[in-house]
Amino acid sequence: LKLRGAWGQAGNPPDPFTADRTFSPAVAFADGQVVNILRPSSFGNRDLKAETGSELELGFESSLFDGRMGLDFTYYNQTTKDALIAVPDPPSTGFSGTHLNNVGEISNTGFELLVTTTPVYTRNLQWDASIAFSTNSNELVSFGDAPLDEISFGSFASVQKHIEGYPMGGFWGIDVVRDANGNPVTTASGGVTLADEEYVGSSLPTREIGFTNTFTVFDNFRVFANLDYKGGHYQWCAICSIRSRFDRNTFTINRPDADPVDVAVVRSNQTRRWIKEADFVKLRELSLTYQLPAAFLERLSVSNASMTLSGRNLWMWTKYKFDDTDGVGLGSPDPEVNFSSLSAFGRTDYASIPMLRTFSASIRFSF
């Protein structure tokens, strides 16, 4: 058994030139003539400085049963001050994007547990397994001296926010007003009324599990499998909202027996319906490796050779699904897709291509 503890502090500088205010060249017509002009490009921030991260780690390592089992545990508490966060440019300046600003304090806490074991160890079969479990609790502690109450962003709708006391980039949804039984309340004209905005959940996974197995048979065959789980977070199906409100080509709207109340809900500006749980389990990789026997290697004058067949993203289970009333296939079947590039926390599904299922074959020689 080994006990360990560590504390460290490091700076994270912004990318080069992000502090500079820049303009881009363009042309325009004035009095029938083409003239050169400058357009606002990057707002910049001359007061920008590096953010500072401090982290405390406590944990232990252990080995049991003559090394056939190991436990590794770590608790971490990380605080980032003068955090670099993208904030909207002041519209009055003519700039319309975002720029980095040193804003307040961010906290990340959680633990990591790794279990390694060899449940089977015989002459002809060896089974090595490991399971890694981790959690993370993210929170915007404070905006500091910045005169901000919130920062809203999102693709096609401002469904994500930075707000003190909540996770960075957390999802906030607007639902319709509902009665005590949860049914939408309609107006005299058959429409619906929107309720107040409410916090839904984190945009980043709050828990992760990795399960890895390696089976070695007769010292020549090796089977490797890796399962990956991420959960506790949500995804914004922007294409679901757009198809229901603007394109109006969904099953809910166009079926002959469509419920008028349900149609009014999906055609409204509500967003809560399209912010879905994004938990998933994936078979990340499965491979079979054959180690060529020594007698055969001598003939080839090589010291080692192997052949491998492998596949990635072969199977997936996920909560990110839409029932028949939403229209099957509205969004991507993969909750890991991301259309958004608004910030490091932006998560959007909009006609995004899911991760590809790939297969490969390889031969390796060592001389």
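A brief look at the structure comes next. The numbering scheme is per chain: residues are counted from 1 as the chain's sequence reads. Confidence filtering applies because this is a predicted model: local features only for residues at pLDDT of at least 70, side-chain atom pairs given and counted only at 80 or more, and all residues used for totals across whole chains, interfaces and linings. Computation of side-chain values: all heavy atoms of the structure, hydrogens and water removed.

## Regarding the side chain of K282
Here is the rule we go by: Numbering goes from the N terminus for both helices and strands, where a helix is a DSSP run of H or I of at least four residues and a strand is a run of E of at least two. Buried residues are those whose accessible area, probed at 1.4 Å on protein chains only, stays under 20% of the maximum for their type, while exposed residues exceed 50% and partly exposed ones sit between those limits. Contacts described as polar in this section are N or O atom pairs within 3.5 Å, which, within protein, must combine one atom able to donate a hydrogen with one able to accept it, while residues neighboring in sequence count only if both atoms come from side chains. Every residue pair with non-hydrogen atoms within 4.5 Å of one another is taken to be in contact.
Tracing the chain through its elements places K282 in strand β17 (residues 280–291). By relative accessible area, which is 3% here, K282 ends up buried. Polar side-chain contacts of K282 include one of 2.9 Å to the side chain of D334. Apart from residues lying up to four places away in sequence, K282 is in contact with N226, L227, D228, N313, W315, M316, D334, E336 and M355.

## So, the sheet that holds strand β10 (residues 160–162)
Going by this rule: Note: two strands are recorded as paired if DSSP finds a minimum of 2 bridges between them. Simply put, an axis is a line fit to the C-alpha atoms, just over the touching stretch for a helix, and the angle between two N-to-C directions goes from 0 to 180 degrees.
Spatial strand order, β9-β10-β11-β12: 4 strands in an open sheet with antiparallel pairing. At either margin of the open sheet sits one strand with a lone partner, and together these are β9 (151–153) and β12 (194–201). When strand polarity is set aside, the average angle formed by the axes of neighbouring strands in this sheet is 35°. Pairing of β9 with β10, which is carried by 3 bridges, proceeds in the antiparallel orientation. Looking across to β10, one finds that F153 is bridged to Q160.

## Re the packing of aromatic side chains
Convention followed: Ring geometry is summarised as follows: Phe, Tyr and Trp rings, the Trp one being its six-membered ring, pair when their centres sit within 6.5 Å, and such pairs are stacked at plane angles under 30 degrees, edge-to-face over 60 and tilted between the two. The rule for a charge over a ring is simple: NZ of Lys or CZ of Arg within 6 Å of the ring centre, and within 35 degrees of the ring normal.
Inspection of every chain in the model, using the stated rule, returns 14 aromatic pairs. These aromatic residues form a ring-pair network of at least three members: F60, F73, F111 and F133. We note R21 situated over the ring of F43; from NZ or CZ to the ring centre the distance is 4.2 Å. Seen from the ring of F280, K282 lies directly overhead, with NZ or CZ sitting 5.3 Å from the centre.

## Regarding the pairing of strand β11 (residues 170–176)
Burial within β11 is extensive, with 5 of its 7 residues counted as buried. Bridge analysis of β10 against β11 gives 2 bridges, and the strand direction is antiparallel. Residue pairing in the sheet places K161 in a bridge with G170 of β11.

## Quick word on the state of the cysteines
What counts here: Here, the term disulfide refers to a pair of cysteine sulfur atoms separated by no more than 2.5 Å.
For the coordinates displayed, the defined rule picks out 1 disulfide. Linked covalently through their sulfurs, C237 and C240 form a disulfide whose S-S length is 2.1 Å. Measuring the twist about the S-S bond at about 65°, one finds the C237-C240 disulfide to be right-handed. C240 gets classed as buried once you look at its relative accessible area, which sits at 0%.

## A few points about the pattern of salt bridges
To keep things clear, this is the line we draw: By definition here, a salt bridge exists when the distance from a side-chain nitrogen of Lys or Arg to a carboxyl oxygen of Asp or Glu is within 4 Å.
In total, this model carries 17 salt bridges according to the counting rule given. Residues E208 and K230 are paired through a salt bridge, measuring 4.0 Å at the closest nitrogen-oxygen approach. On the criterion of sequence distance, the pair formed by E208 in strand β13 (residues 207–217) and K230 in strand β14 (residues 221–231) is long-range, its members being 22 residues apart. For E336, the salt bridge is made with R284, and the minimal N-O distance between the two is 2.9 Å. Remark: R284 occurs in strand β17 and E336 occurs in the loop between β18 (304–318) and β19 (358–366); sequence separation between them is 52 residues. Look at E336 and you get partly exposed, because its relative accessible area is 23%. Taking relative accessible area as the criterion, R284 reaches 10% and is therefore assigned buried. One network of salt bridges, in which partners are shared, links E208, D228, K230, K282, R284, D334 and E336.

## Thoughts on a nonpolar patch on the surface
Let me state the cut-off plainly: Surface patches are defined over residues having more than 30% relative accessible area and no salt bridge, joining like charges when they lie within 9 Å and nonpolar side chains (Val, Leu, Ile, Met, Phe, Trp, Tyr) when within 5 Å. Surface accessibility follows the Shrake-Rupley procedure with a 1.4 Å probe radius. Residue values consider only the protein chains on display as shielding.
A cluster of nonpolar side chains, namely L125, F215, F221, V223, L286, L288 and L309, defines an oily patch on the protein surface of about 540 Å² accessible area. For the nonpolar patch, the secondary-structure elements that each account for two or more residues are β14 and β17. Along the polypeptide, L309 turns up in strand β18. Using a relative accessible area of 54% as the deciding quantity, one classes L309 as exposed.

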